Amino acid sequence: MRDKITVVGSLNYDIVLKIPRLPECGETLPADDAAFSPGGKGANQAVQAAKLGVPVHMVGCVGTDAHGDVLLEAACKYGVDTAHVRRCGEPTGMGVINAMEDGSVFACIVRGANFAVTKEDIDRAEEILKETFLVVLQMEIPQEINGYAIKKAKECGCRVLLNAAPAEEIPLDYLQMCDIIVLNEVEAGFYLNTDVKNEEDARKGAALLAEKYGTDIIITLGKAGAVVSEQGDVTFIPANKVEAIETTGAGDSFIGGVGYALRNGQSLTDACKFAACCSAVTVCRLGAQDSMPFLEEVGKLAA
Ligand code: ADP
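What counts and what doesn't
- Residue positions are counted from 1 within each chain, in the order its sequence is given.
- Note on the predicted model: pLDDT of at least 70 is required for a residue's local features to be given, and 80 or more for side-chain atom pairs to be given and counted; whole-chain, interface and lining totals, by contrast, use all residues.
- Note that the side-chain values use all heavy atoms of the structure and ignore hydrogens as well as water.
- A run of H or I in DSSP becomes a helix once it reaches four residues, and a run of E becomes a strand once it reaches two; helices and strands are each numbered from the N terminus.
- Here the expected length of a helix is defined as 1.5 Å per residue gap, with one fewer gap than residues.
- Burial status follows relative accessibility: with a 1.4 Å probe on protein chains alone, a residue under 20% of its type maximum counts as buried, one over 50% as exposed, and anything between as partly exposed.
- This arc is built from the directions going out from the helix axis to the C-beta atoms.
- The contact rule is simple, with two residues in contact once any of their heavy atoms fall within 4.5 Å.
- Residues adjacent in sequence count toward polar contacts only when both atoms are side-chain atoms; beyond that, a polar contact is any pair of N or O atoms within 3.5 Å, and within protein one must be able to donate a hydrogen and the other to accept it.
- In this scheme, patches are assembled from residues that exceed 30% relative accessible area and form no salt bridge. Like charges are connected within 9 Å, while nonpolar side chains (Val, Leu, Ile, Met, Phe, Trp, Tyr) are connected within 5 Å.
- To measure how exposed things are, a 1.4 Å probe is used in the Shrake-Rupley method; for residues, cover is taken only from the protein chains shown.
- Any Lys or Arg side-chain nitrogen found within 4 Å of a carboxyl oxygen on Asp or Glu counts as a salt bridge.
- Charge convention: Lys and Arg are scored as positive, Asp and Glu as negative, and His as well as the terminal groups of each chain are ignored.
- For charged residues, the charge sits on one atom: NZ in Lys, CZ in Arg, CG in Asp, CD in Glu.
- Between the N-to-C directions of two axes lies an angle of 0 to 180 degrees, each axis being a line fitted to C-alpha atoms and, for a helix, fitted only over the stretch in contact.
- Here the angle decides the label: under 35 degrees means roughly parallel, over 145 means roughly antiparallel, 65 to 115 means roughly perpendicular, and every other value means oblique.
- Crossing handedness is defined as follows: a turn of the near helix away from the far one that is anticlockwise and smaller than a right angle gives a left-handed crossing, while the clockwise case is right-handed.
- Residue polarity follows a fixed list, in which Ala, Val, Leu, Ile, Met, Phe, Trp, Tyr, Cys and Pro are nonpolar, Asp, Glu, Lys and Arg are charged, and the others, Gly among them, are polar.
- Residue proximity to a molecule or strand is established when one non-hydrogen atom of the residue lies within 4 Å of it.
- When the centres of two rings from Phe, Tyr and Trp lie within 6.5 Å, Trp using its six-membered ring, the rings pair. Their planes under 30 degrees apart give stacked, over 60 give edge-to-face, and anything left gives tilted.
- For a ring to carry a charge above it, either NZ of a lysine or CZ of an arginine must fall within 6 Å of the ring centroid while also lying within 35 degrees of the normal to the ring plane.
- Paired strands, as defined in this entry, are two strands with at least two bridges between them according to DSSP.
- Clockwise travel from the first strand over the helix to the second, with the strands pointing away from the viewer, marks a crossover as right-handed.
- With a 1 Å grid laid over protein atoms only, a set of points is called a cavity when a 1.4 Å probe fits there but cannot get out and a pocket when it is open yet has protein on both sides within 12 Å along at least five of seven lines; lining residues have an atom within 4 Å of a point.
- Grid points are joined across faces, edges and corners, and a volume is the space filled by probe spheres set on the points.

Enquirer: Which residues make up helix H8 (residues 199-213), and what are the values?
Expert: Under the 1.5 Å per step criterion, the end-to-end length of H8 is 21 Å for 15 residues, consistent within 8% with the ideal 21 Å. Where H8 is concerned, the buried positions are Ala202, Gly205, Ala206, Leu209, Ala210 and Tyr213. Axial view of H8: buried residues confined to an arc of 130°, hence all on one face. Of the exposed residues in H8, those oriented more than 90 degrees away from the buried face are Lys204, Leu208 and Glu211. If you follow the buried residues of H8, they end up packed against helix H6 (172-176), strand E10 (180-184), helix H7 (185-192), strand E11 (216-220) and strand E12 (226-230). Between the side-chain oxygen at the start of H8 and the backbone nitrogen of Glu200 there is a gap of 3.2 Å, and the oxygen is on Asn198. Positive backbone phi, approximately 70°, marks Gly214, located one or two places after H8.

Enquirer: Before we move on, could you go through a negative patch on the surface and cite the residues and values that matter?
Expert: A cluster of like negative charges, contributed by Asp32, Asp33, Glu101 and Asp102, occupies part of the molecular surface. Asp33 gets classed as partly exposed once you look at its relative accessible area, which sits at 47%.

Enquirer: Could you give me a rundown of the packing of helix H10 (residues 268-282) against helix H11 (residues 295-302), with the residues and numbers involved?
Expert: Between H10 and H11, whose axes approach to 9 Å, the crossing angle comes to 115°. The orientation of H10 relative to H11 falls into the category roughly perpendicular. Between H10 and H11 lies a crossing of right-handed hand. On H11, the residues touching Phe274, Cys277, Cys278, Ala280 and Val281 of H10 are Leu295, Glu297, Val298, Leu301 and Ala302. Considered class by class, the residues forming the contact of H10 with H11 number nine nonpolar, no polar and one charged.

Enquirer: Quick rundown of the site of the ligand? Include the residues and the values.
Expert: Lining the immediate environment of the ligand, one finds 17 residues, of which Asn184, Thr220, Gly222, Gly225 and Gly251 sit closest. Here an oxygen atom of the ligand sits 3.0 Å away from a polar atom, N or O, in the side chain of Asn184. In this structure, an oxygen atom belonging to the ligand sits 2.7 Å away from a main-chain N or O atom of Gly222. Across the complex, the protein chains shield 84% of the 560 Å² of accessible surface that the ligand would expose by itself. Those elements that provide at least two residues to the shell around the ligand are helix H9 (250-263) and H10. Here the shell around the ligand gets three residues from one element, more than from any other, and that element is H9.

Enquirer: Give me the packing of aromatic side chains: which residues, what numbers.
Expert: Following the criterion strictly, the structure yields four aromatic pairs and no others. Seen from the ring of Tyr78, Lys51 lies directly overhead, with NZ or CZ sitting 4.2 Å from the centre. Between the NZ or CZ atom of Lys51 and the centre of the ring of Phe294, over which it lies, the distance is 4.8 Å.

Enquirer: So, the pairing of strand E9 (residues 159-163): which residues are in play, and what are the values?
Expert: Among the five residues in E9, four count as buried, and that is most of the element. Bridge count for strand E8 (residues 132-137) against E9 is four bridges, and the pairing is parallel. For Leu137, the partnering residue across the bridge sits in E9 and is Leu162. Following the chain from E8 across helix H5 (residues 143-155) to the adjacent parallel E9, one finds a crossover that is right-handed. Note that E9 and E10 share three bridges and pair parallel. Pairing of Leu161 across the sheet is with Ile180, part of E10.

Enquirer: For the layout of surface pockets, give the residues involved together with the corresponding values.
Expert: Estimates place the volume of the second largest pocket at around 190 Å³. Lining the second largest pocket are Val16, Lys18, Asp33, Ala34, Ala35, Phe36, Ser37, Glu246, Leu286, Gly287 and Asp290. Broken down by secondary-structure element, the contributors of at least two residues to the lining of the second largest pocket are strand E2 (12-19) and strand E3 (33-39). The greatest single-element share of the lining of the second largest pocket, amounting to five residues, is contributed by E3. Residue composition of the lining of the second largest pocket, by class: five nonpolar, two polar and four charged.

Honestly, that's just the spatial picture; any functional story needs more than this.
This is how it looks when you write it as structure tokens:
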């Protein structure tokens, strides 16, 4: 039975610094607080779907270091199957996230083991792909491997969701192989080569990209909601009104939620409505994976 989600992507050990402002060049600025948390877009999206009750397999790489142990333990704790996460000689990927009080986030990532994922790693997951209905990818492993994984996923009969983030130049034929492409407003601006600031921009942008790639498109706009183009029909998905305290992982939570709802047979547009409820819970709590809701916690908002 095709009931699984397979996430091919990154696992990062995140260091989250709470800072009052950005330091000047040459200035050493004391941070208000520091926290360590398991992250990486791939692992976050996998954890959100698993917390909602989907059987999720992760394909990727971590190092043989202690950070790798932490990431595997965290993913397993939430039910992600990590049998296809290979331990390699590179250091585990890392994220350094500077978060300011007004919610602005400035992040750098160290790719490390995420860039050691190979075509053989994808081939080894072929049996899982045959039981997978949705393959989810991001842009935090080598682009060539992503392209290979997308092709393999299509050969195995899976639907493919690409979160084309962080934004980078991607060959058109590789985007056209996908079924759903998810972007936030910054990424949408990159792929459209114009600013995406509001619902109107996102509606136009989603329609343009849907036409160009021949895929469904989701553009998320933070607390301003999201726009989805499904089979050419463009719909605005409002965000839930909540008191957000930290927005790290909002987009990843959204994607995990979309995966869960698609598995239940919902349309992509309805899946986005459910996903907005998942993200609304996530932004009201600290952390990324820990802040993502279990199914019963989304229930009230999604009802
Ligand atoms: P990313 O983390 O990829 O930048 P966004 O910030 O666009 O993603 O957020 C994804 C989704 O999460 C939004 O479309 C919205 O539904 C929800 N969301 C984000 N921020 C908030 C917020 N402050 N309040 C309520 N919902 C939010």
